[in-house]
Amino acid sequence: MKPTCLFLLFIAMVSRGYSQVIDYKHLSPDTKDIAVQAFSKVGPETKKWFAEASKQHPAGVFNESWAKNKLKERFSQDELDKVGNLFLLMMAYQRKLNG
């Protein structure tokens, strides 16, 4: 019994270590709230850039590859390594607002 409990504890700890996958095509209310909070923290110039960049997004569903390339034009690789997923979420949310 003891090895089984330890194994289940190990599985629970490992599963918590993986990051949550965000579906950028169908944003949940929680992810929308995160995007709104992130937008409240950036300056007006950055907000304007996100609005303009999201208007340039190709038609159809949200394209993560396109968005990542667009973000590389504006932000350094170090910034993208730290908060790139948040920027992707902000881009997806802004595109949804524009749509």
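Coordinates for the structure precede this section.
Calculation notes
- Residues numbered from 1 in each chain as written.
- Predicted model: local features only at pLDDT ≥ 70, side-chain atom pairs only at ≥ 80, totals over all residues.
- Heavy atoms only, no water.
- Helix = DSSP H or I, 4+ residues; strand = E, 2+ residues; numbered from the N terminus.
- Buried < 20%, exposed > 50% of the residue type's maximum accessible area, 1.4 Å probe, protein only.
- Contact = heavy atoms within 4.5 Å.
- Areas by Shrake-Rupley, 256 points an atom, 1.4 Å probe, with all protein chains shown as cover.

Visitor: So what exactly am I meant to see when it comes to the overall build of the protein chain here?
Guide: From N to C terminus, the protein chain includes 5 helices and 0 strands. For the protein chain, the α and β elements follow one another from N to C terminus as α-α-α-α-α. Of all 99 residues assigned to the protein chain, the portion counted as buried reaches 28%. The contacts in the protein chain between residues at least 6 apart in sequence include a share of 70% that link residues at least 24 apart. Carbon and sulfur atoms make up 56% of the accessible area of the protein chain, which amounts to about 7200 Å² in all.

Visitor: What is the right way to read the environment of A92 from this model?
Guide: Take A92: it is sitting in helix 5 (residues 77–98). Residue A92 is classed as buried on the basis of its relative accessible area, which comes to 5%. Residues A92 and K25, 67 residues apart in the sequence, show an inter-C-alpha distance of 7.5 Å. Not counting residues up to four positions away in its chain, the partners in contact with A92 are Y24, L27 and F62.

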